[in-house]
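Examining the three-dimensional arrangement
Read off the chains here:
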Amino acid sequence: METSTPAAIEATQGANGTVEVAGDVTLAARVKDSSGAAMSGVAVHWSIVSGGGSLASTSTTTDNSGTAQVVWTVGTTMGAGEARASVSGVSSSASFPVTLTPGPAATVTLSADTAWFTALDDTATYTAAAEDAYGNDAGGTIAWAVDDDQVATVSDGLVTAVGPGETFATATGGTAVDTLVVVVAQEPVGVTVSPAADTVASGNTRTFSADAADANGHGIPSAVFTWASSDTLVAVVDATGVATGRAVGSASIVATLGALSDTATITVTAGGAASVVVSPGTHSFAALDETHQFTATVYDGQGNVVPGASVTWSSTDAGVVTVDESGLATAAGNGSAGVVASAGGVADTAAVTVQQEATAVAVSPATATVASGATQAFSAEATDANSHAIPGAAFAWASLDTTVAVVDAAGVATGRATGTALITATIGALSDTATLTVTAGGAASVSVSPTSHSFAALDDTQQFTATVYDDHGNVVPGAGVTWSSTDDGVVTVDGSGLATAAGNGSAGVVASAGSVADTAEVTVQQVAANIFMMPLEAVFTAAGDTLRAQATPIDANGHAMTGSVTWTSTNSGVASVTDGLVQAVADGTTQIVATMDAAADSLVVTVLTSTGVSRTWTGSAGADWLTPLSWSPVGHPNASDSVSVPSGTQVSPMLNANAAVARVEVAGGATLNLQGHVLEVLFDVLADGAITATTGRLLVSETGSVGGTLPLLEVTGIAEASGPTTLSGLRLLGGTLRTQGQRVTIRP
């Protein structure tokens, strides 16, 4: 007997149905063999794919119809679910898709707890959510209702404010209910006062009312207003809006509710004229024809201004002040008067004073000429701001130069001395000035300036001046003066008074005018300004040798002078001097100095009795300057030697220590390198080649010539350029560099 095997499984119950969450559904599956016959006793395995929940068993056995069953208790979340049945050896399984539906509503939740409305007809929409016991949307219809439809209405969640107050709106789903508190409290957004404008006589009343409205224009009957007047002098208003006129004018009547307000205008009118007030009450004029505008205000019996009242103007004294129909007053003459304004049977008067004040002063004549001792009468006039003369004005007179002229209280001036004086008339802070010129008589005396003078050099000049005076001590302008000298051999003088020194001695410079004259004393005494020494330098080679030096003193203008100079030696141990005779004493250098007055010149004397050697550089034993075998004749140079560095040597000399020679010559193409040391040369330096150095220097300590390309040059003696010379630097340490007409270049 053959045994069948399962070949297929199919769902027979519970597939594609709906089931409420947490509910049960019975699932059935049939197992068939390959011929399609139902198979019994086959184990069917059950599983949940989605939808949650639990199965009564995970494995059941097919019955005689080939069917196996199981109960599936689904999960609590609505949506799609699926369970499956499978048999071992069968590749496919049976699927049981189901839809999980929500249970009945267990709760209702509104989208808000409270609805607040500030204006009637305002609306708001609210939502209500119904859920089953497991939080699934229960769906279904929500029933809406309100407790008091005089406060609000509701339809499908749309709440509308109807009237002020508080009520409840409910949302019901099944047996579940939620409540919304609805509050309608109108808030004003505008205030209106009526009437907007009104007129009332002073003392009478007008009643104003005010309305408040919410944002939708609905009135707020419960609104309570605060009333106020913008000008309580014109009108006042009580707490009920009743306004009372007080004075002529306009005021704003304001109703306020919270931060809101509205305004009405009340106009208060007045009665007839009862009094007049003139402004200003007093006024002072400082000039004739000056004007001032007066105004008049007419009041009724309650003190209110009467607008448009007719006013008549007049003056109590037209000789002092006049006034036109507009109240414009004009000063007519000095004095006091009243400006009167009349209205009906009432009037008021302003007190007016006219007192001219000076704003300008004029003196005449503006210019005058008078001889010394004679008089000139001046007059003065003061005017006010409008150029009207001020009668009786009193002036203070003064002369600004009483040495030239004086003036009395009546303005009469008297000339005193030749010159010009300003005559001033003053009143208060004002003044004016006239010019008075005082002339003088003929020459009575002459004064020469300076009264004396000393010349220190021939051809020096000095300008003398002469002043001529009349018999009153006044300078005589343009007086002719004649100049002369008492001794032309000492001093000469030209027609302008310019004196010139001619020779040593004393004389007088005379200025004559008419029959009078004055003399200035003159002395000429030459003073040495410079001394020329011959010669300027000398070299002695033997002690006892002598030389006659000549010193010629000259004054500031180069004129030779007589007299003896004073001779000195700065080092008498080297050379001495007596009346210009110089005598060598011992080796060294000194200066022979000739002096007269503040002038001096000197002769440089060198005494050199020892004889040096002339050496030529060969470089045969190295580059060191002090190597004897590198010189011919052999030996290292000393301060008495003259050395030369020829071109063409293979090794150029270098100083490795400080050295001294009498003379040095470096031929063209040759080089002497001082490095960082000092080469002292007593006399001559000639470098057709080059003398170089890093930080070293060349020192000329006596008197000699220099030329060529040189490093830093220090001079304590006298160095004279013998040809074009280029220096890396120059230091004159008490010495002198003479260019001798040669080009000397100092490189930076």
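Residues numbered from 1 in each chain as written. Predicted model: local features only at pLDDT ≥ 70, side-chain atom pairs only at ≥ 80, totals over all residues. Heavy atoms only, no water.

Turning next to the overall build of the protein. The secondary structure content of the protein amounts to zero helices and 76 strands. Its C-alpha atoms give the protein a radius of gyration of 69 Å, more than 25% over the compact-globule value 27 Å for 748 residues. Projecting the C-alpha coordinates of the protein onto the three principal axes gives extents of approximately 170 × 135 × 35 Å. Evaluated residue by residue, the protein yields a buried proportion of 36% over its 748 residues. Sequence separation of 24 or more characterises 46% of the internal contacts of the protein that already satisfy a separation of 6 or more. For the protein, the exposed surface amounts to about 35700 Å²; the carbon and sulfur share of it is 49%. Considering the protein, the positive charge centre built from 14 side chains and the negative charge centre built from 64 side chains are found 26 Å apart. (Helix = DSSP H or I, 4+ residues; strand = E, 2+ residues; numbered from the N terminus. Rg over C-alpha atoms; globule rule 2.2 N^0.38 Å. Buried < 20%, exposed > 50% of the residue type's maximum accessible area, 1.4 Å probe, protein only. Contact = heavy atoms within 4.5 Å. Areas by Shrake-Rupley, 256 points an atom, 1.4 Å probe, with all protein chains shown as cover. Lys, Arg positive; Asp, Glu negative; His and termini not counted. Charge placed at Lys NZ, Arg CZ, Asp CG, Glu CD.)

Moving on, we get to the layout of surface pockets. Empty space within the largest pocket amounts to approximately 190 Å³. For the lining of the largest pocket, the secondary structure elements donating two or more residues are β62 (588-596), β63 (599-607) and β75 (736-738). Looking at the lining of the largest pocket, its residues break down into three nonpolar, ten polar and three charged. (1 Å grid on protein atoms, 1.4 Å probe; cavity = no way out; pocket = protein on both sides within 12 Å on 5 of 7 lines; lining within 4 Å. Points joined across faces, edges and corners; volume = space filled by probe spheres on them. Nonpolar A, V, L, I, M, F, W, Y, C, P; charged D, E, K, R; others polar.)

Glancing now at the pairing of strand β50 (residues 482-485). The alternating pattern of β50 places W483 and S485 on a buried face, while none of T482 and S484, on the opposite face, is buried. Where β50 meets strand β53 (residues 505-513), four bridges bridge the pair, whose relative direction is antiparallel. What sits directly across from S484, in β53, is V510. (Pairing = 2+ DSSP bridges.)

With that out of the way, let us pick up the nonpolar core. Membership of the largest hydrophobic core comes to 27 residues, with the highest contact counts inside it found for W625, L672, L679 and V685. Mapped by element, the contributors of at least two residues to this core are β66 (642-645), β67 (659-661), β68 (663-666), β70 (678-681), β71 (685-692), β72 (697-700), β73 (703-715) and β74 (718-732). It is β73 that contributes the most residues to this core, four residues altogether. Excluding anything up to four places from it in sequence, W625 contacts W617, W631, P637, V643, P653, M654, L655, A659, V661, L672 and L679. Membership of the second largest hydrophobic core comes to 24 residues, among which are L27, A29, A83 and A94. (Core = buried A, V, L, I, M, F, W, Y, C linked by side-chain atoms within 4.5 Å.)

With that settled, the discussion passes to the side chain of T167. In this fold, T167 is placed in strand β17 (residues 165-173). At a separation of 2.9 Å, a polar atom in the side chain of T167 contacts the main-chain amide nitrogen of D148. Those residues in contact with T167, other than ones at most four positions away along the chain, are D147, D148, V151, A152, L180, V181 and V182. (Polar contact = N/O pair within 3.5 Å; in protein donor to acceptor, adjacent residues only side chain to side chain.)

The next subject is the environment of V200. Topologically, V200 is positioned in strand β20 (residues 197-201). For the pair V200 and V108, spaced 92 residues apart in the sequence, the C-alpha separation amounts to 66 Å.

Right, let's get into the environment of G707. Among the structural elements, G707 can be located in strand β73. In sequence terms G707 and A719 are twelve residues apart; their C-alpha atoms lie 9.7 Å from each other.

This brings us to the sheet that holds strand β12 (residues 123-125). Strand order in this open sheet of three strands is β12-β16-β15, and the pairing throughout is antiparallel. Of all the strands in the sheet, the pair left with one neighbour each is β12 and β15 (152-155). Taking each pair of neighbouring strands and ignoring which way they run, the sheet shows an average axis angle of 20 degrees. When β15 meets strand β16 (residues 158-161), the two strands line up antiparallel, connected through four bridges. Across the sheet, residue A152 finds its bridge partner in β16, namely A161. (Axes fitted to C-alpha atoms, helices over the stretch in contact; angles between N-to-C directions.)

Let us now look at the pattern of salt bridges. The full count for this structure, using the stated rule, is nine salt bridges. The shortest N-O distance in the salt bridge between E714 and R731 comes to 2.9 Å. Taken together, the residues E714 in strand β73 and R731 in strand β74 connect sequence positions 17 residues apart. Each member of the salt-bridge network shares a partner with another, and the members are E10, R30 and K32. (Salt bridge = Lys/Arg side-chain N within 4 Å of Asp/Glu carboxyl O.)

Turning our attention to the sheet that holds strand β30 (residues 291-293). Here we have three strands laid out as an open sheet, ordered β30-β34-β33, and antiparallel in their pairing. Each edge of the open sheet is held by one strand with a lone partner, namely β30 and β33 (321-323). Ignoring strand direction, the axes of neighbouring strands in this sheet form an average angle of 20 degrees. For β30 and strand β34 (residues 328-331), the ladder comprises three bridges, and the chain directions are antiparallel. Residue pairing in the sheet places Q293 in a bridge with L328 of β34.

Checked against the element boundaries, Q186 lands in the loop between β18 (176-184) and β19 (190-194). In this structure the side chain of Q186 is engaged in a polar contact, spanning 2.9 Å, whose partner is the side chain of D214. Looking at Q186, its side chain comes within polar contact range of the main-chain oxygen of G219, at 3.3 Å. Sequence-distant contacts of Q186, defined by excluding residues within four places in its chain, comprise T118, L120, P164, D214, H218, G219 and I220.

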